[in-house]
Amino acid sequence: MRIGIAGAGAVGSYFGAILHFAGHDVTFLARGKHFQAMKQAGLRMIKGEEEFLVDATFTDKINELSECELVLFCVKSNDTEAMASQLKLVLPSNCLIVTMQNGVENEQLLGTIFDHDRILSTAAYIQAAIDEPGKVTQKGRVKLVIGELHSSAKASCLEINQLFQAAGIDSVYAQSIMENKWRKLIWNVTFNPLSAILNANVGEILANEELRYTASLICQEAIDVAERLKIELKNNQTVESVLRKAERAKKHHTSMLQDRRKGKPMEVEAMCGYIVRKGLEINVPTPNIQVVYSILTYMDKSKH
Ligand SMILES: NC(=O)C1=CN([C@@H]2O[C@H](COP(=O)(O)OP(=O)(O)OC[C@H]3O[C@@H](n4cnc5c(N)ncnc54)[C@H](OP(=O)(O)O)[C@@H]3O)[C@@H](O)[C@H]2O)C=CC1
Ligand SMILES: CC(C)(CO)C(=O)C(=O)O
């Protein structure tokens, strides 16, 4: 299949590489130093102890995606609108778009720009990073949960799920993908902001009694908002279960922490901002998330 990676950063480069090795015709759309390095010497992919060289098509020209049948949408949420509006001008009208982003708002925006029945969404459980331009490292287990936004896209979604599985990706289909994404958002809002503010990994937050308590307060607020919105939190997702799950991810350097370390804009609105706004709308207090939200917004604007 002709596949485009819209935003070949950490996540996009990883999945693009896997699909390339599975025999698909993958075009990686990137920019800046990462693009230059890949264009010059290919993509170096480190997975566990192994290193692979991906020799595929790397471009910084969006119109090179114009013949794609499938696009993996992998930019940070702050770039969703800009990337989607440009893609809309070049993609064939039957091209499917799979977002691999964190947060729960990108789907709505993508559905408005394209048709809702072309959008599939994934909860991407992966820890990937651009270590240096042209080099992406992925650590630990990778899992995708995929689903469609609109029932008319179910058959396409099942096909793409099979395509992922055939490429060796641990991918499962979910009836109500947005509930999965919400459950992931609860984890992300609990740890990503604190990790970025503190320059700490997940384990360091868990190991400190005060920080662990703060994380639990944040987590409870996100759960309160989800429950008021009647999001089904499967397996009785509670603060305890979120923190327990995090024990298995102690070494994680969250994507927000990676952005902070690189001086890049952080996904503040898509994580904290979204929950604060929803909380205000439905009258659920989120004072602790508001605190991390204001700190991160300040850090982002002042480049601290
Ligand atoms: N990293 C991780 O482990 C995980 C990340 N996620 C989520 O996945 C999404 C992607 O994250 P991640 O891969 O880490 O992000 P990255 O910043 O590594 O990747 C996004 C890439 O898209 C590039 N880009 C943005 N706009 C354009 C454009 N117009 N043309 C070409 N390239 C463009 C960015 O360039 P530039 O750097 O110049 O902005 C960047 O290289 C986020 O929503 C994140 O929360 C989910 C699970 C895990
Ligand atoms: C914690 C992690 C790596 C889970 O996939 C993530 O979603 C992120 O860093 O944003």
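Rules and cut-offs
- Residues numbered from 1 in each chain as written.
- Chains lettered and ligands numbered in written order.
- Predicted model: local features only at pLDDT ≥ 70, side-chain atom pairs only at ≥ 80, totals over all residues.
- Heavy atoms only, no water.
- Domains from an automatic or database assignment.
- Contact = heavy atoms within 4.5 Å.
- Buried area = accessible area lost by both parts, 1.4 Å probe.
- Axes fitted to C-alpha atoms, helices over the stretch in contact; angles between N-to-C directions.
- Helix = DSSP H or I, 4+ residues; strand = E, 2+ residues; numbered from the N terminus.
- Parallel < 35°, antiparallel > 145°, perpendicular 65-115°, else oblique.
- Nonpolar A, V, L, I, M, F, W, Y, C, P; charged D, E, K, R; others polar.
- UniProt positions renumbered as here; feature names shortened; annotations may be inferred.
- Near = heavy atom within 4 Å.
- Polar contact = N/O pair within 3.5 Å; in protein donor to acceptor, adjacent residues only side chain to side chain.
- Areas by Shrake-Rupley, 256 points an atom, 1.4 Å probe, with all protein chains shown as cover.
- Buried < 20%, exposed > 50% of the residue type's maximum accessible area, 1.4 Å probe, protein only.
- Pairing = 2+ DSSP bridges.
- Phe/Tyr/Trp six-rings, centres within 6.5 Å; stacked < 30°, edge-to-face > 60°.
- Lys NZ or Arg CZ within 6 Å of the ring centre and 35° of its normal.

S.K.: Provide a residue-level description of the domain arrangement of the protein, including the pertinent values.
M.R.: Partitioning the protein into structural domains gives domain 1 (2–175) and domain 2 (179–302). Here domain 1 and domain 2 have C-alpha centroids that lie 24 Å from each other. Contact with domain 1, which involves 21 residues of that partner, is made by 23 residues of domain 2. Where domain 1 abuts domain 2, roughly 1,800 Å² becomes buried across the two surfaces, and 48% of that area is made up of carbon and sulfur atoms.

S.K.: An account of the packing of helix α8 (residues 209–228) against helix α12 (residues 287–302) is requested, with residue identities and associated values reported.
M.R.: Put simply, α8 and α12 touch, their axes get as near as 8 Å, and they point 110° apart. The orientation of α8 relative to α12 falls into the category roughly perpendicular. On the side of α8, the interface is formed by L217, I218, E221 and A222, while α12 contributes P287, N288, I289 and V292. Residue classes in the contact of α8 with α12 are distributed as six nonpolar, one polar and one charged.

S.K.: Quick rundown of the UniProt feature "domain: Ketopantoate reductase N-terminal" (unreviewed entry) in the protein? Include the residues and the values.
M.R.: The UniProt entry lists residues 3–149 under the feature "domain: Ketopantoate reductase N-terminal" (unreviewed entry), expressed in the numbering used here. With 28% helix and 39% strand, residues 3–149 has its two end C-alpha atoms placed 20 Å apart.

S.K.: Can you lay out the UniProt feature "domain: Ketopantoate reductase C-terminal" (unreviewed entry) in the protein for me, pointing to particular residues and giving the numbers?
M.R.: With numbering matched to this structure, UniProt assigns "domain: Ketopantoate reductase C-terminal" (unreviewed entry) to residues 177–297. Helix makes up 74% of residues 177–297 and strand 0%, whereas the separation of the span's terminal C-alpha atoms amounts to 29 Å.

S.K.: Any chance you could break down the site of ligand 1 for me, citing the residues and the numbers?
M.R.: Taken together, the neighbourhood of ligand 1 is formed by 23 residues, with V11, R31, N102, K264 and E267 sitting nearest. A distance of 3.0 Å separates an oxygen atom of ligand 1 from a polar atom in the backbone of A10. Note that an oxygen atom of ligand 1 is positioned 2.9 Å from one of the backbone N or O atoms of A128. Of all the secondary-structure elements, those providing two or more residues to the shell around ligand 1 are α1 (10–21) and β8 (119–132). In terms of residue count, the dominant contributor to the shell around ligand 1 is β8 (five residues). For the shell around ligand 1, the class distribution of residues is eleven nonpolar, six polar and six charged.

S.K.: I'd like a rundown of the site of ligand 2, residues and numbers included.
M.R.: Neighbouring ligand 2 are N102, A124, Y125, I126, K184, W187, N188, N192, H252, T254 and S255. The side chain of N188 places a nitrogen or oxygen atom 3.0 Å from an oxygen atom of ligand 2. Contacts to ligand 2 include S255, whose side-chain N or O atom sits 2.6 Å from an oxygen atom. About the coverage of ligand 2: the protein hides 91% of its 280 Å² of free accessible area. Secondary-structure elements contributing two or more residues to the shell around ligand 2 are β8 and α6 (177–198). Broken down by element, the residue count for the shell around ligand 2 peaks at four residues, all from α6. Along the lines of polarity and charge, the residues of the shell around ligand 2 split into four nonpolar, six polar and one charged. When residues of the shell around ligand 2 are sorted by domain, at least three fall in each of domain 1 (2–175) and domain 2 (179–302).

S.K.: If you had to explain the pairing of strand β9 (residues 135–148) to someone new, which residues and values would you point to?
M.R.: β9 sits mainly inside the fold: ten of its 14 residues count as buried. Pairing geometry for strand β3 (residues 43–47) and β9, over four bridges, is parallel. Opposite M45, over in β9, you have V136 as the bridge partner. Strand direction decides the pairing type here: β8 and β9, joined by eleven bridges, are antiparallel. Following the sheet pairing, L120 is matched in β9 by E148.

S.K.: Which residues make up the packing of aromatic side chains, and what are the values?
M.R.: For the structure on display, the rule yields five aromatic pairs. Seen in terms of ring centroids, F21 and F52 are 5.8 Å apart; in terms of plane orientation they differ by 50°. Their pairing is tilted. Of this pair, F21 sits in helix α1 while F52 sits in strand β4 (residues 50–54), placing them 31 residues apart in sequence. Both rings, one in F28 and one in F58, keep their centres 5.0 Å apart while their planes meet at 35°; by these two values the pair is tilted. Remark: F58 occurs in strand β5 (residues 57–59) and F28 occurs in strand β2 (residues 25–29); sequence separation between them is 30 residues. The two residues F28 and F58 agree in class, both being buried. In this structure, K184 is placed above the aromatic ring of Y125, and the distance from its NZ or CZ to the ring centre is 5.6 Å.

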